[in-house]
Amino acid sequence: MAITRSIRNKLFILLIIMGALPCIIVIAVDAWEMVRDLEDVAQKNGLLRNSVISEHVTEHFQKNFHVLHELALNPMIIEYLNSPNEIQRKAVLNLLHDTNTIFHDRNMAALTAADSNQLLRTDGSKLVSLMGRQHFYEAMRGRDFISDIIVSRSTGERIVVVEVPVKNRLNRPIGMLQRNFNLRAINQFIQEQTTAGISVIIIDRKGKTIAHSDKSMNLKFEYDEIGRYKFIADRAIGDTGIIRTKIDGVDSLASYSRNWLTDWIIITVQPYSEISKLIYFKITESAMIGLLMLAFVCAIAHILAIKATQPIIEITNAADKIVKGNRTEKLEIDSNDELGQMAAAFNKIRSARDAYQLESELDKLTKLYNKSTMENIGRMKLKNFSEQEHNETLMAMYIIDLDHFKEANDTHGHQFGDKVLMEFSKHLRKKFRPNDCIGRFGGDEFVVIIDNLPGMEIILRKARDIKNVAANLTIDDKNAGITASIGIAIIPKDGVDYDTVFKAADNALYHVKANGRNGFYYDGAEVIG
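Residues numbered from 1 in each chain as written. Predicted model: local features only at pLDDT ≥ 70, side-chain atom pairs only at ≥ 80, totals over all residues. Heavy atoms only, no water.

Colleague: Lay out the pattern of salt bridges with the relevant residues and their values.
Modeller: Under the counting rule described, the total for this entry stands at 21 salt bridges. Between Asp 494 and Lys 493 there is a salt bridge, with its nearest N and O atoms 3.6 Å apart. Given a relative accessible area of 13%, Asp 494 falls into the buried group. Take Lys 493: its relative accessible area is 49%, and that puts it in the partly exposed class. Through salt bridges with shared partners, a single network forms among Lys 381, Arg 433, Asp 436 and Asp 451. (Salt bridge = Lys/Arg side-chain N within 4 Å of Asp/Glu carboxyl O. Buried < 20%, exposed > 50% of the residue type's maximum accessible area, 1.4 Å probe, protein only.)

Shown next, in the form of structure tokens:
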């Protein structure tokens, strides 16, 4: 029995090592990648936070635009602008006061005439002229506008103005409706979205600080200060990005996003020390998951070790009985070698079957699906599509023909042609999802089938991707000199039967080639080059 226990223990340890080693490797690789991609992790977190804040800002101001637009269409307001009088003044003022009820705030609403003079204000402050204010001129041009930070001529407060023009029947501006915001609500919101050590700042087009998540900041001082964060706006390229810089003497990563509605820039500032804390937390989290997996592996290994050594225990018990002179029944186990040979034979049969099946499904040169496999997959996908009730998604089939491939093949030889096909296949596979079906039908003809598409936009984008892959294909650092003609069939528009869909895509391909090649086409559209 001591020998049996020794074998069982060794097998148990071996199984633990075999099960735990992948876990350890995964944790180690995960940790290494997180450290390597430290800035990427921080950038994604920063941009995600920026996105949440940007959506909040956009939603907030869009609601105000909506309400002001409704007011601007009110005949009473239009009539009052054309002919102000005391009889209508109270009714119009009540309409403006209703905006506070809608938004549950006390932000001032005002009505201004085309001569720039305010006619009504809901806060009771003195009426002023808006001559020289950009938002007034934008209104007189017939445009909606959100201002940068300005100082109110009536109250002296620093505000942001949302305005919409009021137009007459000829669609000409005759006045302006506005709401003023003191930005405390936005500042409070971004404070709720931040964590310790991370700051969020919103700056306007001129670089003034609109809001800051640091509760210790003096916002009035911030509003007065011009340019503290303007250097980020000056270095910002595009709508999103990151800037490595020092802020208040601390090495930091600033992730910025530009809000499309206001053109303000939202910035998440993360000191590198805080980024390191995030990485350490993720590594610890991975280690805890690894320990749980290791415990699970130990339990499974224990069960497997008992099961694997059970025949040996039976043999050992029989031997003990013989040694002691006891009678024993005949064992049905021939030998451990026989069990090993049976397992090995099974594995050989399975390996041979898998290899044969894989070889029969793939094109030998490109490792894409071959023609018969693509046809089988296509028929199956279309059958599933037609059986689904209330299916609001689309499918698409692309037939791709490489233009000038024959000339390139004849000029540079078959080895060059094979490289073109292999490189094109490799880059084509990268442009699609793992569950999308890509196949080679022979020669320089390829077929792609994609499903679960929300609309035409992605279908056309994928066609452009295919076209760009062909046009930009390089062999030995030189452009391969080929382009792609692409015929597109759209399901269910072009049918749900495989042969019908294939014919539609093939006809579309013929249309492209007949119109100069290097483009894509689907029924009902012009050839798109």
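Colleague: Report on the pairing of strand β12 (residues 394-403), specifying residues and quantitative values.
Modeller: Every other side chain in a regular strand lies on the same face of the sheet, so the side chains alternate between the two faces. Counting buried positions along β12 gives ten out of ten residues, so the element sits mostly inside the fold. With burial as the criterion, each face of β12 is covered, one bearing Leu 394, Ala 396, Tyr 398, Ile 400 and Leu 402 and the other bearing Met 395, Met 397, Ile 399, Asp 401 and Asp 403. As paired elements, β12 and strand β14 (residues 445-453) share seven bridges and run antiparallel to each other. Note on β14: the bridge partner recorded for Ala 396 is Ile 450. (Helix = DSSP H or I, 4+ residues; strand = E, 2+ residues; numbered from the N terminus. Pairing = 2+ DSSP bridges.)

Colleague: Describe the sheet that holds strand β17 (residues 483-491), and please don't skip the residues or the numbers.
Modeller: Spatial ordering of the open sheet is given by β13-β14-β12-β17-β18, a layout of five strands whose pairing is mixed. If you trace the sheet from one side to the other, it starts and ends with β13 (437-442) and β18 (519-522), each paired once. Between one strand axis and the next, the sheet turns through 20 degrees on average, direction left out of account. One ladder, built from four bridges, connects β17 with β18; its direction is parallel. Pairing of Ile 488 across the sheet is with Tyr 522, part of β18. In the packing of helix α13 (residues 414-430) onto the sheet, the strands contacted are β12, β13 and β14, and the crossing angle to β12 comes to about 155 degrees. (Axes fitted to C-alpha atoms, helices over the stretch in contact; angles between N-to-C directions. Contact = heavy atoms within 4.5 Å.)

Colleague: Let's hear about the packing of aromatic side chains: which residues, and what values?
Modeller: Summed over the entire model, instances satisfying the criterion amount to seven aromatic pairs. With centroids separated by 5.6 Å and ring planes inclined at 85 degrees, the aromatic side chains of Phe 61 and Trp 264 adopt a geometry described as edge-to-face. One end of the pair, Phe 61, is in helix α2 (residues 38-72); the other, Trp 264, is in the loop between β10 (250-258) and β11 (265-271), and 203 residues separate them in sequence. Each of the two residues, Phe 61 as well as Trp 264, counts as buried. The ring of Phe 432 has Lys 462 sitting right over it, with the charged end atom 5.2 Å from the ring centre. (Phe/Tyr/Trp six-rings, centres within 6.5 Å; stacked < 30°, edge-to-face > 60°. Lys NZ or Arg CZ within 6 Å of the ring centre and 35° of its normal.)

Colleague: I'd love a proper account of the environment of Val 166, names of residues and values included.
Modeller: Positionally, Val 166 belongs in strand β5 (residues 158-167). Look at Val 166 and you get buried, because its relative accessible area is 0%. For Val 166 and Leu 81, which are 85 residues apart along the polypeptide, the C-alpha to C-alpha distance reads 8.8 Å. Not counting residues up to four positions away in its chain, the partners in contact with Val 166 are Ala 72, Ile 77, Ile 78, Leu 81, Arg 172, Pro 173, Ile 174, Gly 175, Met 176 and Leu 177.

Colleague: Quick one: what's the story with the confidence of the model for the protein chain, residue by residue and with numbers?
Modeller: Overall, the prediction assigns the protein chain a mean pLDDT of 82, with 79% of residues at 70 or greater. Residue range residues 339-356 is modelled with pLDDT below 50. Its contacts to residues more than four positions away, or to other chains, number zero contacts. (pLDDT = per-residue confidence, 0-100.)

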